[in-house]
Amino acid sequence: MNYYELGEKELQFSKIIWSNEPLSSGELVKLCETQLQWKKSTTYTILKKLCTIGYFSNEQSIVTSKISYEKYKSMQSRNFISDAFNGSLPKFLTAFVGRNKLSEEEFYALKQMIDEYEEEKK
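What you see is a predicted model, and the numbers here were worked out from it, not measured in a lab.

Participant: What is the right way to look at the side chain of E10 in this model?
Facilitator: Within the secondary structure, E10 sits in helix 1 (residues 8-20). A polar side-chain atom of E10 sits 2.8 Å from a polar atom in the side chain of K49. Setting aside its immediate chain neighbours within four residues, E10 contacts Y4, E5, I46, K49 and L50.

This is how it looks when you write it as structure tokens:
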């Protein structure tokens, strides 16, 4: 699936779905009317767009996600690292840590992730 950067309102809309799914398209319209002050037509336009992109599904008037919020955030992070650091995780970590030292807990969490990655490769 290709990554698509959600705009601010699209993200708010998506969070409504992620928090309430599965939900009927009618329920989604009511929630968007209340929380985003959107008209029915705006809700359906954005829903159709995000279904076309592949983030959501509206089958038989039941709206569900095809990707989770966590998956979206992961895709967003990977895209940021790709754009800002030419895809280099070590460059990102160097910039992220900067002059601040990692806490012992952070160090061991990173080490554990690396060790688990190494185990998966075997």
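Still to come is the rest of the account.
Participant: I tried to follow the packing of aromatic side chains on my own but got confused; where do I start?
Facilitator: Each aromatic ring pair is summarised here by two numbers: the centre-to-centre distance and the angle between the ring planes. Counted by the stated rule, this structure contains eleven aromatic pairs. Measuring from ring centre to ring centre gives 5.2 Å for F107 and Y108, while their planes differ by 80°; the resulting arrangement is edge-to-face. For Y108, a relative accessible area of 47% corresponds to the partly exposed category. Through pairs of rings, three or more aromatic residues link up here, namely Y3, Y4, W18, Y55, F56, Y69 and Y72.

Participant: I would appreciate a short explanation of the pairing of strand 2 (residues 56-59) in the present structure.
Facilitator: Both faces of the sheet carry side chains from a regular strand, because those side chains alternate between them. With four bridges connecting them, strand 2 and strand 3 (residues 62-65) associate as antiparallel partners. When the bridges of strand 3 are listed, N58 appears paired with V63. Taking the residues between adjacent antiparallel strands as the criterion, strand 2 and strand 3 are bridged by two residues, where Q60 takes a positive phi near 50°.

The rules behind the values
- Residues numbered from 1 in each chain as written.
- Predicted model: local features only at pLDDT ≥ 70, side-chain atom pairs only at ≥ 80, totals over all residues.
- Heavy atoms only, no water.
- Helix = DSSP H or I, 4+ residues; strand = E, 2+ residues; numbered from the N terminus.
- Polar contact = N/O pair within 3.5 Å; in protein donor to acceptor, adjacent residues only side chain to side chain.
- Contact = heavy atoms within 4.5 Å.
- Phe/Tyr/Trp six-rings, centres within 6.5 Å; stacked < 30°, edge-to-face > 60°.
- Buried < 20%, exposed > 50% of the residue type's maximum accessible area, 1.4 Å probe, protein only.
- Pairing = 2+ DSSP bridges.

Read these as layout, nothing more, since geometry by itself doesn't imply function.
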